[in-house]
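# What the coordinates show
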Amino acid sequence: MLFDTGKKFPDPDSIKRLSKYARGKAYFSGTSLELYERASEILKETPHAKYLRSLYIGCNIIDPLTTKPADLMFGEEPIYESGFPDDSQEQQALNRLVRRNNLNKQGYEMVLGAGIRGDGWLKVMYDYREDYSEYVSEFGEYPPEAKPEVIIETVPAQYVFPEVSETNVKKFKAVNIAFVTWEDKKEVGFLDRLLKEDDDEIPFLNVERHIPGRIYYYKFRLHPTGVNNDYNGQVQEYMIGERVPTGLDEDVVDTGLPFIPIIHCPYKSVDDQWEGISNIEKVESLLSAINDRLVQIDYILWKHADPTAYGPPAGVDQIKIAGRYIPLEKDDATPGYMEWNSQLTAAFEELDRLIGMVFAICETPQWIFGSAFTSLGSNQGGTGTSHTDGAAIRTRFMPILSKVNRIRMYADKALRDALWAAQLLEQHVRQRYNLKDIPEYEPTYPSIVWRDGLPDHELEQAEIMQLRLASGTIDRYSAIKRLEGMDDEKAALIYEAIQNDKQREIEQMNESMSFELDWDRHRNIDEEVAGANGGTED
C-alpha cells in the first residue's frame, strides 16, 4: 500500500509532480512568488529595490492561453448519443446522467485543470450529491427527502496518487485519493491533545484507495516534517502516524464494477510516462522572462520621469530636482541632465519576441483574441476577422483547432468512460438495493458529437443539412439537434412542432381543395338543370 504508518506523505516519487502542479497553479493565477524573487534579484543593488513591491508588474498571459481550448470545446455543448432511439430508456438515462451531473461543466473544469497541471481526473461514485454532514451531526440521520445517486465529478490532480502497473506504465493497478484535513484539538483524543500544544488543529490523512470492484477507506494521524522546495514548488511533507477510525459506516465498499471508476485525462501524453504534459510547463522560463522585461521597462520609464541632474551643490535634495525650480546667480553653472541611453526600443522588441514564442509554443494564433499582441515584421497576421466563410475561418484557426482536437481525443474518452461507468453503477445499485426510482435499461458505451467552437455560417450549415436530407444521409431529428446544438428533449419539442405545422398545412390544403371540388360539382349540376329547363321551355 502506498500510504501506511511510518511512511511519508506525499511519497517521495510524487514530490516532483506535485511541485509542477504548484508552479502551474501559481503561473495561472498570476501569484507566482518566483517571479517576484527574480525581479528582486535584478534590482536588489539599485536605490529602487525597496520600492519593488509597488513597481512589480505581473502579466498573466498564460490564463487566456490555457482557458481558450476549453472554451472552444465546451462553448457549444456537445451532443451525447447512446445509439438507441431517442425515446428509449437507454437514451433517456444517458440524458439524465448528463443533465444531473452538469457534465459539460465537469468536462470544462477537467480540461482546464489538465491545462494547468497536465492531468485531469473524473470520479464516478454513488453518494449523496449535497453535503449533509452538519444535518447528520445535529439530527443523527439524513433528511427524509435526500437520496443518494450516481455522481460524476472532477478530482483535483494534487489529490490523486495512482499506483502504476509493473508491466505497463500507462495502466494503474490502484488509484489513491488522499488529502489532508485539520481537526480541532478539542474534538480528538486525549493523547492527541497532549501533542503539539501550540497547535489548535491536528492534521489527518484521509485515503480512499480504489482497486477494481472495491474501495478501501483509511485515516491516519499526520506529523508535519517541513516544506519541500527542491523543484521550486512548495510541498508540505508529513510523517504518517497511527491509523485512526474513519468515522464512516463502512471502510470497505463493493462497487460492482470490473474496473476503477477514477478516469485519467492527460492534457498531452507520451508513451513512457503516465503523467500528462501541461500547457504551462514548457513556457515557464518565457513567462518569467516576460515579467522580468516588463519590470525592467517600467523601471526605466520611472527613471525617465525622475532623471538624475548635475549642477552646483543643492544640498541633500540634489538628486531629486526634477520638476523643481532652482534659482541661479549670475556666475552659477547651469544645471543639466545626464543623458541615459536606456535602449527601450530593444527592450520592447525582446518583449515582442518573448510573447510571440509563448503563443507559438502554446499553438495559439495571437489574433484569436481579436488583435495581434506583437508588432514585429511587416505581416503581423491581422486580426483574423477578414474571412467570412466557414472553410476560410477554419483554415485560419488551424493551429488552435489541431491543438483542441488533440485535447478532445483524451477528453472524449474520459467522458465516455465516465458515462459508461455511471450506467453500470446505476444498474448495480438498482439490483443491490432493489431501487424502484432507477429504471432498468441496458448500459451502452456512448458517443459524443463535438462542435469546434468556431462561429458557424448559418446559411452554409442549413444548405449542408438540406443536401444531406435530400440525399438521405441524415434524418430531420438529427439535423435539428446538430443545427441548433440541442439535446434530445428540446429537439423533440421542435420536431413535434414542425410536424404539427405540416399537419395543419395539409389539413388547410385539403379543406381548400375540397371546397373547389364541391364548387365545380355544384356548377355542373346547375348547368345541367339550366339546360333541362331550357329544353322544356322550347
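Look a little higher up for the structure.
Residues numbered from 1 in each chain as written. Predicted model: local features only at pLDDT ≥ 70, side-chain atom pairs only at ≥ 80, totals over all residues. Heavy atoms only, no water.

On to the sheet that holds strand β4 (residues 149–154). Read across the open sheet, the 3 strands follow the order β4-β3-β11; overall the sheet is antiparallel. Bordering the open sheet on either side are β4 and β11 (262–266), each of which pairs with just one other strand. Looking at each pair of strands side by side, their axes are set apart by 15 degrees on average, direction ignored. With 6 bridges connecting them, strand β3 (residues 119–127) and β4 associate as antiparallel partners. Pairing of Tyr126 across the sheet is with Val150, part of β4. Across the sheet, helix α6 (residues 103–117) is in contact with β3, β4 and β11; its angle to β3 comes to roughly 145 degrees. (Pairing = 2+ DSSP bridges. Helix = DSSP H or I, 4+ residues; strand = E, 2+ residues; numbered from the N terminus. Axes fitted to C-alpha atoms, helices over the stretch in contact; angles between N-to-C directions. Contact = heavy atoms within 4.5 Å.)

Moving on, we get to a negative patch on the surface. Together, Glu130, Asp131, Glu134 and Glu138 make up a region of like negative charge exposed at the surface. Residue position: Glu130 is located in the loop between β3 and α7 (133–139). (Patch = residues over 30% accessible without salt bridge, like charges linked within 9 Å, V, L, I, M, F, W, Y side chains within 5 Å. Areas by Shrake-Rupley, 256 points an atom, 1.4 Å probe, with all protein chains shown as cover. Salt bridge = Lys/Arg side-chain N within 4 Å of Asp/Glu carboxyl O. Lys, Arg positive; Asp, Glu negative; His and termini not counted. Charge placed at Lys NZ, Arg CZ, Asp CG, Glu CD.)

By the criterion of burial, β11 is predominantly enclosed, with 5 of the 5 residues buried. Burial of β11 is two-sided: the residues Ile262, His264 and Pro266 facing one way and the residues Ile263 and Cys265 facing the other way are all buried. (Buried < 20%, exposed > 50% of the residue type's maximum accessible area, 1.4 Å probe, protein only.)

Two numbers describe a pair of aromatic rings. These are the distance of the centres and the angle of the planes. Evaluation of the coordinates by the stated rule reveals 16 aromatic pairs. Between Tyr126 and Tyr433 the ring centres are 6.2 Å apart and the planes differ by 15 degrees, which places this aromatic pair in the stacked class. Here Tyr126, found in strand β3, pairs with Tyr433, found in helix α12 (residues 398–433); they are 307 residues apart in sequence, far enough to count as distant. Here the aromatic residues Phe3, Phe9, Phe161 and Tyr238 are joined through ring pairs into a cluster of three or more. A cation over an aromatic ring shows up here: Arg17 above the ring of Phe161, its NZ or CZ 5.4 Å from the ring centre. (Phe/Tyr/Trp six-rings, centres within 6.5 Å; stacked < 30°, edge-to-face > 60°. Lys NZ or Arg CZ within 6 Å of the ring centre and 35° of its normal.)

Turning our eyes to something else, we now look at unusual backbone geometry. In this structure, the amide linkage connecting Phe9 to the following residue, Pro10, adopts the cis form with an omega of -5 degrees. By secondary structure assignment, the location of Pro10 is in the loop between β1 (8–9) and α1 (15–29). Residues other than glycine seldom take positive phi values, yet Glu363 does so here, at roughly 55 degrees. With respect to the helices and strands, Glu363 occurs in the loop between α10 (344–361) and α11 (390–396). Take Glu363: its relative accessible area is 24%, and that puts it in the partly exposed class. The backbone of Asn434 shows a phi angle near 55 degrees, a positive value even though the residue is not glycine. Position of Asn434 among the secondary structure elements: in the loop between α12 and β14 (447–449).

Moving on, we get to the pattern of salt bridges. Taken as a whole and assessed by the stated rule, the structure comprises 17 salt bridges. For Arg96, the salt bridge is made with Glu426, and the minimal N-O distance between the two is 2.7 Å. Of this pair, Arg96 sits in helix α5 (residues 89–100) while Glu426 sits in helix α12, placing them 330 residues apart in sequence. For Arg96, a relative accessible area of 22% gives the class partly exposed. The class for Glu426 is buried, based on a relative accessible area of 6%. Connected via shared salt-bridge partners are Arg100, Arg129 and Glu149.

Its 18 residues give α10 an end-to-end C-alpha distance of 26 Å, which sits within 8% of 26 Å, the value for a rise of 1.5 Å per residue. Among all positions of α10, only Leu344, Ala347, Leu351, Asp352, Leu354, Ile355, Val358 and Phe359 are buried. For α10, the angular spread of buried residues about the axis comes to 165 degrees, placing them on one side. What points out from α10, more than 90 degrees from its buried face, is the exposed set Thr345 and Ala360. (Expected span 1.5 Å × (residues − 1). Arc of directions from axis to C-beta.)

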